[in-house]
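Overview (structure and organization)
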Amino acid sequence: MVSSSLGTLQLNSSFSLFLSPNQRIYSNGSLRFHRIWKPSMCLSAKPTLRDGNLKINGNEVLTKVPDNVLVTPWTNGSAFVGATSKETSSRHVFTLGVLQDVRLLCLFRFKLWWMVPRVGNSGSDVPIETQMLLLEARPAEETVHGSNGGTSYVLLLPVLDGDFRTSLQGNSANELEFCVESGDPAIVTSQSQKAVFVNYGDNPFELMKESMKILEKHLGTFALRESKKMPGMLDWFGWCTWDAFYQEVSPQGIKEGLKSLSEGGTPARFLIIDDGWQDIDNEFQKDGEPVVEGSQFGGRLVSVRENSKFRTEANESLKEASDLKGFISDIKRNFGLKYVYVWHALMGYWGGVHPDMPETKKYNSKLINPTQSPGNLTNMRDISMDCMEKYGVGVIDPDKISEFYDDQHSYLVSQDVDGVKVDVQNILETVATGLGGRVSLTRQFQQALENSIAANFQDNSIICCMGQSTDSVYHSKRGAITRASDDYWPKDPTKQTLHIAAVSFNSIFLGEVVVPDWDMFYSKHYAAEFHAVARAVGGCGVYISDKPGQHDFTVLKKLVLPDGSILRAKYPGRPTRDCLFTDPVMDGKSLLKIWNLNNYSGVLGIFNCQGAGTWPCMDDSITAQSNTSHELTGQISPSDVEYFEEVSGDSCTNFSAVFSFNTGSLSRLPKKGSLDVMLRILQCNIFTISPIKVYGQNFEFAPIGLIDMYNSGGAIETMKFFSDPPNGRIVIKGRGSGRFGAYASAKPKMCTVNTEEVEFEFKGDDNFLTLSVPHGISSWDISIYL
């Protein structure tokens, strides 16, 4: 092998991360993917550091590595990377080495609270506060032939090392750096030996999964999503009061919204009463004076009970409730609600807990003006953080935090509240001075919060929010849902496409620890279908924030069944492999594809996110390529869906039935086959991809599901084949009503729904079988007689 002066990263004899003109790369043939893939299957050596080069499996990852960098080999082909210093400090920035000529994907915190993706090809493209870095290695051009088969990946995850939290960043010399900081000047170190976890593999999603399993075992501070109890509200349609009312939420407004949703045929079964219900004091907002922008963030909690809006005197003529419990009991009874959650901040309220009020004095809160780390200050400011720095936060005594959460949650349970949405979680890293540092303080608060949830609520009933820092992520032992996006901004036309792109990329990392929450949206909005399709493929909860009476039921009825349940896909929705290193928002040419699975089919959403906004923290010289005046073309394929073997099984024909929701058409495609898709800005489509299997002697069949729903395949729960003579039959169990569709190689002899024979239509030209499940049926058995 010949190396350039900057060196190469080669992960085996067939792959190169940095390709120089004088290099030649040889092919080793095709790869076979199995259902359970482990990086150790294709590794023969652990990462090493020698002669200034960081190597994986004997090949260079970083060049010009300084002498103070350390490598600790770990499991199989993974390692921890760290460094030492001659000085002690609460914050160090260490150089790792030169990184260039590689396609890379970063997830970085552009604000204190939120992450977004960034793609690039060198160390200078890695933003400050990067929390995940994925590098791509590809074979030589003559061996690719348009296939992903030869691509490999290197993953770098900055982690927690003792009392220090790590993040990655690049500099103008294309050097990759890592920053370790404690958040408390009194907590210092001169070294961090296990600051960055490094691993390698040929499947990016399995690489992330296996890496997080290793870290789960090593750190012992968090648990993976697949081991956590899922709150029941995830499978029911919800409504959040925030964008409907903001802080002006009231019992009457909530009733009006629940009523209009129920009357329209998409009843909410899950409600979040957002900010505006709590008992707070705000010295910065005076009655009769103009409201100062941001002054709401100076409010402080004075009681764990509801405010006067939800504590009205009983009115016999209107029969209104006189307290929170009466109100919640009323709306559950009248509107069929299964779950009512309420909002509160991690520290009680935005401005924390009031230190001097009678009901809150016992928590020994202390007024602290938050201080952000230099890394956060380099990126984007946030009005809520600016205001909290100005007004201060009443920080609860860590020794009292368990008592506070138990008081808050036990009271809510007594009021028939089923769970909480806990916001403003990253505030801890800014108030950690004198309190043990950011890592220790986060651990203490998060353990107290999760213990209180477990003790008081029955269903692991918590949604975490504004907690995308790794301080929080790597302390998530029980919490199963975390917001994966910045807020939904219905009035900002530049944020609609960014929202979908950001949450899908963030789910690559967050989705291993939690179910990513995609936030609320308006159903009556120019981007409503764009958001709705994203939720259908996202594997997330579905909830809106419409104002009462302002609903588009043509959109909602494609997401929500008449009983208020939703068709939720199995996994967190993530970008397809061919999208990982493209910019679907600003490069002017790339469409975004998001994949997921149901029980018997794949689901694939495709979105045109170009031309409507620009990523935050981009260099002023970089502008988005406008695509508002023409369509973009992309391709979708069955091979886009990861883990497809979970639904294809052994009897698959290697062909799939592909149903396009927009056109209502059905196509038969081989695994590597593709369909062209053309979309304008803010347009999208969603495809159900069902493996065609052989039943009996030669009857080919693939269920599509309820074809008037965005995620049609989500309606199918089980499917069995019975070969009893004289007629074989396929029995499909599912839920919902409307048109059911399937691919069939021949016209069935008969179809039944719940044993009743029904008419069906069979289009022989495209082998499309359709029949109707009558309205009023919530669950069904469809039998297809061969």
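Residue positions are counted from 1 within each chain, in the order its sequence is given. Totals for whole chains, interfaces and linings use all residues, but because this is a predicted model, local features are given only for residues with pLDDT of at least 70 and pairs of side-chain atoms are given and counted only at 80 or more. Side-chain measures here rest on the full set of heavy atoms in the structure, leaving out hydrogens and waters.

Heads up, the condition is: UniProt positions are given in the numbering used here, feature names are shortened, and annotations may be inferred rather than shown by experiment.
As recorded by an unreviewed UniProt entry, the chain carries the name galactinol--sucrose galactosyltransferase and is attributed to Papaver nudicaule. The record held by UniProt for the chain lists under Sequence similarities (unreviewed entry) the comment "Belongs to the glycosyl hydrolases 36 family." Among the UniProt annotations of the chain, the heading Catalytic activity (unreviewed entry) holds the following wording: "alpha-D-galactosyl-(1->3)-1D-myo-inositol + sucrose = raffinose + myo-inositol".

1. A look at the overall build of the chain
Worth spelling out the cut-off: Helix and strand definitions follow DSSP, with helices as H or I runs of at least four residues and strands as E runs of at least two, each counted in order from the N terminus. Three labels apply to residues, based on accessible area from a 1.4 Å probe with only protein chains included: buried if under 20% of the type maximum, exposed if over 50%, partly exposed otherwise in between. Any two residues whose heavy atoms approach within 4.5 Å are treated as being in contact. Note on areas: Shrake-Rupley, 1.4 Å probe, and residue coverage restricted to the protein chains presented here.
Looking only at helices and strands, one finds 14 helices and 43 strands in the chain. The burial tally for the chain puts 61% of its 786 residues in the buried class. For the chain, long-range pairs separated by at least 24 residues make up 74% of all intrachain contacts whose partners lie at least 6 apart in sequence. For the chain, the computed accessible surface area is about 29,300 Å², with 47% contributed by carbon and sulfur atoms.

2. Thoughts on helix α8 (residues 401–414)
Which entries qualify depends on this criterion: In this scheme, a helix's expected span is set at 1.5 Å multiplied by one less than its residue total. Our arc is simply the arc of the directions from the helix axis toward the C-beta atoms.
With 14 residues, α8 extends 20 Å between its outermost C-alpha atoms, agreeing within 8% with the 20 Å of an ideal straight helix rising 1.5 Å per residue. Listing the buried residues of α8 in full gives Ile-401, Phe-404, Tyr-405, Gln-408, His-409, Tyr-411 and Leu-412. Angular distribution of buried residues about the axis of α8 spans 160 degrees; they occupy a single face of the element. Its buried side turned inward, α8 meets β17 (278–281), β18 (300–306), α5 (324–335), β19 (339–345), β22 (419–423) and α9 (438–456). Phi turns positive, to about 70 degrees, at Asp-416, one or two residues after α8.

3. Here we look at the pairing of strand β38 (residues 738–744)
Applied cut-off: Strands are labelled as partners when DSSP assigns at least two bridges between them.
Here β38 lies mainly inside the structure; six of its seven residues are buried. By the bridge criterion, five bridges tie strand β35 (residues 699–706) to β38 in an arrangement that is antiparallel. Looking at β38, one finds that Pro-703 is bridged to Ala-742.

4. Section: the sheet that holds strand β37 (residues 729–735)
Taken in spatial order, the five strands of this open sheet run β36-β37-β43-β39-β40, and their pairing is antiparallel. Strands at the two margins of the open sheet, each flanked by one partner only, are β36 (716–722) and β40 (756–757). Sheet topology places β36 next to β37; six bridges connect them, and they run antiparallel. Within β37, the residue paired with Ile-716 across the bridge is Gly-734.

5. Topic: the confidence of the model for the chain
The predicted coordinates ought not to be read in detail in places where the model reports low pLDDT. We count it as follows: Per residue, pLDDT captures the predictor's confidence, and it can take any value from 0 to 100.
Averaged over all residues, the pLDDT of the chain is 91; the fraction at 70 or higher stands at 90%. In the predicted structure, residues 1–44 sits below a pLDDT of 50 and forms 105 contacts with residues beyond four places in sequence or in another chain.

6. Overview of the environment of Gly-602
Along the polypeptide, Gly-602 turns up in strand β29 (residues 602–607). According to the relative accessible area criterion, Gly-602 is buried, its value standing at 0%. Not counting residues up to four positions away in its chain, the partners in contact with Gly-602 are Asn-596, Leu-597, Val-641, Phe-644, Phe-687, Thr-688 and Ile-689.

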